[in-house]
Amino acid sequence: MPNLKFLIKHPSHFLALGFGVGLSKKAPGTLGTLVGIPIYLLISSYSFSIQMMMAFLFTIVGIFICNQTAHALKVKDPSAIVWDEISAFFLMLVIAHPLLNPLKIFELFVLFRIFDIWKPFPISYLDQHVGGGLGIMLDDYVAAFFALLIYFSMQ
C-alpha cells in the first residue's frame with residue numbers, strides 16, 4: 001500500500017493516486033470516482049469540444065501515469081490507482097452534459113460503480129488480460145460505456 005511519501009515522490013503518482021484519495025484504506029475507487037465531479041464542474045462551462053479534448057488528454061496522460069505508478073508499486077492494477085475512475089467518470093459526465101443535474105450525476109455514479117465493481121464480461125476479460133496503463137484504464141472505460149448505455153436507455 002502506497003503512503004504519503006510515495007504520493008509526493010513523483011507527479012505521476014500524485015495524479016494516478018487521485019491527488020491522495022487513492023491512499024484511502026476504504027473504497028479508494030469510489031472516492032476516486034467522486035473526484036471526477038469537481039473536475040467536471042470546473043470545466044462544465046466550456047464548449048463540448050474543449051471538454052472532449054480534456055477527456056482525451058486525461059485518457060492519454062492516464063495510460064502513462066497509471067503504467068508508471070503501477071510499475072513503481074510492482075502491482076499489475078493497484079487499488080490505490082484511481083485516475084482510471086476519475087477520467088472514465090469525467091468522460092461520462094461530459095457525454096451526459098446536457099441532461100445533468102444532481103440526481104442524474106448520482107444515477108451515473110451508481111451505474112458506473114456497479115459496472116466497475118461487478119466487472120461483467122467483457123470488462124472482467126479486459127481487466128485480467130490487458131496489462132500496463134492501458135489495461136488499468138481500459139476496463140473502467142468499458143464500464144463507463146455500459147453504464148452510459150443503461151443511463152441513456154432510462155432517459
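Structural notes, computed from the coordinates.

**Observations concerning the overall build of the protein chain**
Inference 1: Counting its secondary structure elements, the protein chain contains eight helices and zero strands.
Inference 2: In terms of overall dimensions, the protein chain is globule-like: its C-alpha atoms have a radius of gyration of 15 Å, near the 15 Å expected for 155 residues.
Inference 3: A buried classification covers 46% of the 155 residues belonging to the protein chain.
Inference 4: Within the protein chain, residue pairs in contact and separated by at least 24 positions form 70% of the contacts whose partners lie at least 6 positions apart.

**Section: helix H6 (residues 102-118)**
Inference 1: A rise of 1.5 Å per residue sets the reference length of H6, with its 17 residues, at 24 Å; its end C-alpha atoms lie 24 Å apart and thus fit the reference within 8%.
Inference 2: Along H6, the residues that are buried comprise Lys104, Ile105, Leu108, Phe109, Leu111, Phe112, Arg113, Phe115 and Asp116.
Inference 3: On its buried side, H6 packs onto helix H3 (28-43), helix H5 (83-95), helix H7 (123-129) and helix H8 (132-154).
Inference 4: For H6, the side-chain oxygen to backbone nitrogen distance between the N-cap and Leu103 is 2.9 Å, and the N-cap itself is Asn101.
Inference 5: Backbone geometry just downstream of H6 places Lys119 in the positive-phi region, at approximately 55 degrees.

**Looking at the packing of aromatic side chains**
Inference 1: In the structure shown here, the tally under the stated rule is 12 aromatic pairs.
Inference 2: Centre to centre, the rings of Tyr40 and Phe90 are 6.4 Å apart; their planes meet at 65 degrees, and the pair counts as edge-to-face. With a gap of 50 residues between them, Tyr40 in helix H3 and Phe90 in helix H5 connect regions that are remote in the sequence. Take Tyr40 and Phe90: they sit in the same class, and that class is buried.

Analysis parameters
- Residues numbered from 1 in each chain as written.
- Predicted model: local features only at pLDDT ≥ 70, side-chain atom pairs only at ≥ 80, totals over all residues.
- Heavy atoms only, no water.
- Helix = DSSP H or I, 4+ residues; strand = E, 2+ residues; numbered from the N terminus.
- Rg over C-alpha atoms; globule rule 2.2 N^0.38 Å.
- Buried < 20%, exposed > 50% of the residue type's maximum accessible area, 1.4 Å probe, protein only.
- Contact = heavy atoms within 4.5 Å.
- Expected span 1.5 Å × (residues − 1).
- Polar contact = N/O pair within 3.5 Å; in protein donor to acceptor, adjacent residues only side chain to side chain.
- Phe/Tyr/Trp six-rings, centres within 6.5 Å; stacked < 30°, edge-to-face > 60°.

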